[in-house]
Amino acid sequence: MPATLPEGSTPPNEANEANEARVRAPLRKADRKGRRVEVVLARGLATMAALLAGAYVAGLVHLLMRGSSKLLAVSSTPVPRAGVENESVVRGFVSVAVFALLAWAVIATGRMVVGRVTRMRTADENAADPKLGGWAIAAIAGAVVAVGIVLRDHVPSFLVTLPSETTAGGGVGPEIFNTLYFAVLSTAVTLPIGVGAAVYMARFARSKPMVGALRTALDTLASLPSIVYGLFGFLVFVVQMQAGYSLFAGAFVLALLNLPLVVGISEESLRAVPQEVEDASIALGATRVQTTLRVTLPYAWPGILSALVLSVGRVFAESAPLIMTAGTTISRGSAYSLNPFRGGETLAVHLWYVNSSGLSPDKADVSAGTAAVLVVLIFLTNLGASRLARFGGAMGNKATSRLGKATR
Amino acid sequence: MKHPPIDAPADAKMRAVGLSVQYGEKVAVNEVSLSLLSNEVLAFIGPSGCGKSTFLRTLNRMNDSIEGVKVKGSVELDGEDIYAADVDPVLVRRRVGMVFQKSNPFPKSIFENVAYGLRIAGVRDRGILAEKVERALTQAALWDEVKDRLDESGLGLSGGQQQRLCIARALAVEPEVLLMDEPASALDPIATAKIEELISELRKTLSIAIVTHSMQQAARISQRTGFFYMGKLVELDDTTTIFTKPNERATEDYITGRFG
Amino acid sequence: MTMRATFAEESARSRSIAPSARRGSGAAGVRWGDMLARGFVITCAGVVVLATATMIAFLAQTGIKGLTEVGLWPLLHGTKWKPEADSFGGFALLSGTLVSASGAVLFGAVPAVLAAVWLSELSPKMIRTPFRRVMEIAAAVPSVVYGWLALVYLVPIMEHVAHRLYGADAAVGGEGLASSAILLGIMIAPTVLLLSLDALSRVPAELRQGSAALGASEMQTAFRVALPGAWRGILIAVFFGLARAAGETMAVQMVIGGARKLPDNLFTPTTTISTQIVMDMQNASPGTTASNALYSMALVLLVVSVIIVLATRLLSRQTAT
């Protein structure tokens with residue numbers, strides 16, 4: 001026995017023997033039963049997952065590449081105008097958006113490259129990407145707007161021309177316009193009602209039956225297939241009111257469709273507002289409503305905004321309810337009209353329509369282009385939503401510290 | 001690099017030689033050498049963040065799954081380096097069991113909790129399973145309390161019972177060494193006393209290394225005690241020596257409550 | 001004492017100039033604002049409830065009209081959907097929906113769940129975030145885009161497969177239940193995967209540690225601890241995918257062929273409830289049985305999805321307790 005072993009701790013003999021008998025228990029990898037099977041299984045799972053992810057990446061990349069011929073076709077000769085209401089203004093907007101996207105892509109890549117080079121040169125792993133100053137951003141924004149307006153007749157013609165039913169060369173200008181207009185219209189309904197209902201749920205809910213009814217209503221809305229919304233819109237606006245297909249009906253139905261999402265996320269963000277922040281406001285003599293308007297809502301705003309952006313993404317993506325409420329056509333005269341009581345299709349509907357009843361000879365290219373525009377829009381909204389969500393964290397902290405100071 | 005001299009008797013169950021652990025830039029355990037003898041209870045004490053838990057987790061390679069952890073030096077189990085390239089950490093853990101600070105029974109029945117390790121190791125025979133589960137639960141002094149409700153969820157037990165269930169679970173696979181990371185820190189005094197009694201009983205069949213924040217506990221249950229401070233093993237000696245006349249100033253300061 | 005007296009006097013004086021703390025007297029403006037805001041918020045809540053009730057009432061009213069005209073049993077059981085011949089047998093529609101949706105679970109949800117287990121338990125940590133990002137984008141891609149991609153790429157492949165299976169001259173093609181099931185599977189997989197990942201991440205790390213400490217390999221821990229620990233959440237994810245697949249309209253319409261009959265096999269055209277609604281509604285004049293029967297089928301679809309959602313809710317409620 002070594003000297004360090006204290007007296008009285010001499011182990012019983014039989015235990016010692018038992019230990020020695022087990023000494024030869026294996027430790028080597030090769031000795032473990034079933035290890036081989038596991039390795040094969042893990043490889044199989046990895047392959048499957050890689051194939052799954054690879055399929056989506058390949059599909060999206062392929063789609064963007066096929067559509068890019070339409071999206072990047074900048075023309076030196078002016079794209080002819082159809083001569084319809086608002087066309088020039090819409091072209092200006094599209095053109096500015098295209099150039100803004102380009103500028104953003106260039107700047108973002110530039111920042112990343114410069115940041116990486118600095119990190120490599122200075123061996124400082126935490127060096128941040130360089131930032132642009134406020135003036136530089138303003139100057140670039142101004143330049144983008146100017147260039148966009150000047151070159152508004154030279155943007156890819158696919159983005160600014162009218163669709164064509166039977167001949168090649170149709171564009172999706174009105175579809176882009178309608179898609180964005182739908183987003184605005186339906187948000188105009190979702191924002192007040194959705195946030196109002198969320199505030200009610202999070203802060204003012206007193207009556208139990210009302211809360212129960214609201215929860216049930218939201219659960220029901222969330223569980224309905226979108227085609228059912230379409231049927232409802234069709235029944236109310238097209239059949240009962242005999243208003244025909246209209247953007248208004250479509251926007252209303254989409255707003256209804258988005259309510260559960262917006263109320264859900266908004267309520268969550270409102271509930272995430274720390275009690276201390278509200279208490280601080282109450283302690284300063286603010287009423288419950290003042291506190292909600294001036295403290296709670298601003299604090300939860302990034303979360304609410306990201307819910308709205310997500311709901312915009314659904315507006316872009318939805319097709320079935322719009323086919324039944326806003327129709328599948330673009331009428332030449334009101335292609336860019338702001339009148340919400342006209343019908344009109346969105347990009348998603350166009351993609352379906354071209355394939356199911358379109359007669360144009362280049363419908364494969366038009367589909368690819370439409371799908372690419374749609375995917376780019378979705379990508380941007382998703383990026384926006386996640387940026388906002390992250391921004392929310394930073395904002396929240398700032399708000400707390402500012403309030404903390406105020407109360408001190 | 002010369003390692004500080006360690007007492008490494010031939011029959012040491014486990015032996016760490018010049019063991020260092022790094023989390024990214026931070027050195028959590030710095031050049032620790034010590035041995036764990038057969039059938040002893042070895043306690044580690046020290047202020048929180050001193051590296052004692054991290055060190056304990058290196059003894060059955062539980063740190064492997066944490067990202068950015070680098071282990072230098074060697075740990076031997078019966079003379080075999082468990083950090084050798086061809087050693088399977090899974091097999092190491094079957095011989096060196098572990099009980100955690102927070103009891104973590106699986107959301108399964110009491111029986112299945114204890115049988116889990118056996119099933120993992122490939123035991124299918126229902127009779128053998130039943131027999132080994134009973135033996136483990138008896139060893140953990142839990143059998144009488146749960147024998148009538150083996151099919152009930154392990155989560156329905158009290159905190160102390162849950163921790164003993166976790167000990168039974170670890171014992172069922174018949175490990176040679178049991179590592180315990182503050183096993184009683186979340187328990188009331190009565191449950192703690194039961195666990196301590198259990199530890200003294202278990203020493204007859206296996207070696208135990210235990211991390212504890214309670215010096216009284218270390219004094220009650222261990223034969224030897226090591227004092228960790230800032231990632232280093234400051235002193236390791238008989239428990240009575242450590243608590244009555246420690247050699248190092250730092251140990252004395254800690255024990256007399258001047259810091260920690 | 002004197003100090004305190006002055007203090008009391010002081011505060012009494014200041015109280016008299018300060019706005020009254022009593023409600024209603026000095027702060028009338030605030031109160032009106034309060035009531036207005038409160039009223040607005042309650043109105044919003046009311047509008048949501050009312051709109052939902054109206055929607056269900058409208059659909060139910062027309063749907064029940066159709067049901068009384070056709071009869072529930074013939075509607076569910078009959079195999080001929082021929083509005084021009086006043087025959088409204090919705091079995092082909094219903095079975096089309098159910099078969100495609102359950103096929104989607106097989107082709108989409110099962111691989112998605114396995115991939116989620118691999119990603120959260122076994123994969124190298126550095127690929128986890130990029131993998132998630134890809135799936136988040138894939139989950140947001142509009143279903144018509146998937147439908148179009150399937151029309152262009154999947155349908156020709158399935159046609160090839162069909163002829164391999166049934167012979168070169170057989171009356172089979174790429175359009176049919178096989179294509180729509182695979183398409184729906186591809187469509188729901190990202191969502192199911194993301195929701196499953198969330199469920200897996202809620203399994204406490206301590207359980208995984210406990211399992212590892214008992215000598216379980218990563219694979220054993222993944223399938224014996226993590227997966228059972230997350231199974232409710234994963235089931236919810238699968239049900240969510242099932243509901244989405246059952247309700248999908250336009251993408252399915254593009255690949256299913258649109259024949260109003262029971263298919264001979266998985267490679268011949270048929271239809272689903274939602275597809276048939278969107279195709280026929282444009283031509284059915286309102287108020288006729290042809291129109292009402294479509295609403296009845298919508299009710300059937302609604303019942304199917306409500307059952308799925310109720311099951312999900314029941315599960316999540318159990319998880320909560």
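Small disclaimer: the values here were computed from a predicted structure and weren't measured.

> How should I be thinking about the overall build of chain B in this particular structure?
Scanning chain B for helices and strands turns up 10 helices and 10 strands. For 260 residues, the compact-globule estimate of 2.2 N^0.38 gives 18 Å, and the C-alpha radius of gyration of chain B, at 18 Å, lies within 12% of that figure. Each principal axis of the C-alpha atoms in chain B carries an extent, and together these give about 55 × 45 × 35 Å. Across the 260 residues in chain B, those meeting the buried criterion constitute 57%. Considering only contacts in chain B between residues 6 or more positions apart, those separated by 24 or more positions represent 67%.

> What is the right way to read the domain arrangement of chain A from this model?
When the parts of a complex come together, some accessible area is lost, and that lost area is often used as the size of the interface. Residues and elements named next belong to chain A. On domain assignment, one finds that chain A holds domain 1 (87–157) and domain 2 (170–407). Taking only C-alpha atoms into account, the centre of domain 1 sits 28 Å from that of domain 2. Residue-level contacts link four residues of domain 1 with five residues of domain 2. Both faces combined, the contact of domain 1 with domain 2 buries some 460 Å², and carbon together with sulfur accounts for 87% of it. Considering only the side of domain 1, the residues that lose the most area to domain 2 are V90, L101 and W104, jointly responsible for 70% of the buried surface there. There are zero residue pairs in polar contact (both at pLDDT 80 or more) connecting domain 1 and domain 2. Classifying every residue of the side of domain 1 that touches domain 2 by side-chain character gives three nonpolar, no polar and one charged.

> Quick question: what am I supposed to make of the interface of chain C and chain B here?
Facing the 16 residues of chain C at the interface are 25 residues of chain B. For the pair chain C and chain B, the two sides together bury roughly 1700 Å², of which 60% comes from carbon and sulfur. In terms of surface lost to chain B, no three residues of chain C exceed A213, L214 and R224 of chain C, which account for 36% of the buried area on that side. The interface formed by chain C and chain B contains six residue pairs in polar contact (both at pLDDT 80 or more). Breaking the side of chain C that touches chain B down by element, the ones donating at least two residues are α8 (205–213) and α9 (218–229) of chain C. Class assignment for the residues of the side of chain C that touches chain B results in six nonpolar, seven polar and three charged.

> Explanation requested: the environment of M281 of chain C in the structure shown.
Residue and element names in this part refer to chain C. Note on placement: M281 falls in helix α12 (residues 273–281). For M281, a relative accessible area of 1% puts it in the buried group. Between the C-alpha atoms of M281 and V105, which are 176 residues apart in sequence, the distance is 29 Å.

> I'm lost on a positive patch on the surface in this one. Help?
A grouping of R111, K131, R387 and R390 of chain A is seen on the molecular surface, where their side chains present a positively charged patch. The topology assignment puts R387 of chain A in helix α14 (residues 363–407).

> I'm lost on helix α7 (residues 208–223) of chain A in this one. Help?
It helps to recall that an α-helix has 3.6 residues per turn; residues three or four apart then point in one direction. Along its 16 residues, α7 of chain A runs 22 Å from first to last C-alpha, staying within 8% of the 22 Å computed at 1.5 Å per residue. Its side-chain oxygen 3.1 Å from the backbone nitrogen of M210 of chain A, S207 of chain A forms the N-cap of α7 of chain A.

> Just to check I follow, could you spell out unusual backbone geometry for this structure?
Most of the time, phi is negative for any residue but glycine, and the peptide bond is trans. Residues and elements named next belong to chain B. In this structure, R61 is a non-glycine residue whose phi angle is positive, near 60 degrees. Tracing the backbone shows R61 in the loop between α1 (52–58) and β4 (69–77). When its relative accessible area of 12% is taken as the criterion, R61 is described as buried. Although it is not a glycine, D78 sits at a positive phi angle of roughly 50 degrees. Position of D78 among the secondary structure elements: in the loop between β4 and β5 (80–81).

> Would you take a moment to explain the packing of aromatic side chains for this structure?
Aromatic ring pairs are described here by two measures, namely the spacing of the ring centres and the angle between the planes. Under the definition given, this model contains 15 aromatic pairs over all chains. Judged by centre distance (5.8 Å) and plane angle (90 degrees), the ring pair of F237 of chain A and F248 of chain A falls under edge-to-face. Of this pair, F237 of chain A sits in helix α8 (residues 226–240) while F248 of chain A sits in helix α9 (residues 247–271); the two residues are 11 residues apart in sequence, bridging distant segments of the chain. When its relative accessible area of 6% is taken as the criterion, F237 of chain A is described as buried. Note on F248 of chain A: relative accessible area 35%, which makes it partly exposed. Aromatic side chains F227 of chain B and Y229 of chain B sit 6.3 Å apart centroid to centroid with 10 degrees between the ring planes, which places their arrangement in the stacked category. In this structure Y229 of chain B comes out as partly exposed when scored by relative accessible area, which is 32%. Counting every residue linked through ring pairs, the aromatic cluster contains F237, F248, F252 and F341 of chain A. The ring of F106 of chain B carries the charged tip of R169 of chain B above its face, separated from the ring centre by 4.4 Å.

What counts and how
- Residues numbered from 1 in each chain as written.
- Chains lettered and ligands numbered in written order.
- Predicted model: local features only at pLDDT ≥ 70, side-chain atom pairs only at ≥ 80, totals over all residues.
- Heavy atoms only, no water.
- Helix = DSSP H or I, 4+ residues; strand = E, 2+ residues; numbered from the N terminus.
- Rg over C-alpha atoms; globule rule 2.2 N^0.38 Å.
- Buried < 20%, exposed > 50% of the residue type's maximum accessible area, 1.4 Å probe, protein only.
- Contact = heavy atoms within 4.5 Å.
- Domains from an automatic or database assignment.
- Buried area = accessible area lost by both parts, 1.4 Å probe.
- Polar contact = N/O pair within 3.5 Å; in protein donor to acceptor, adjacent residues only side chain to side chain.
- Nonpolar A, V, L, I, M, F, W, Y, C, P; charged D, E, K, R; others polar.
- Patch = residues over 30% accessible without salt bridge, like charges linked within 9 Å, V, L, I, M, F, W, Y side chains within 5 Å.
- Areas by Shrake-Rupley, 256 points an atom, 1.4 Å probe, with all protein chains shown as cover.
- Salt bridge = Lys/Arg side-chain N within 4 Å of Asp/Glu carboxyl O.
- Lys, Arg positive; Asp, Glu negative; His and termini not counted.
- Charge placed at Lys NZ, Arg CZ, Asp CG, Glu CD.
- Expected span 1.5 Å × (residues − 1).
- Phe/Tyr/Trp six-rings, centres within 6.5 Å; stacked < 30°, edge-to-face > 60°.
- Lys NZ or Arg CZ within 6 Å of the ring centre and 35° of its normal.

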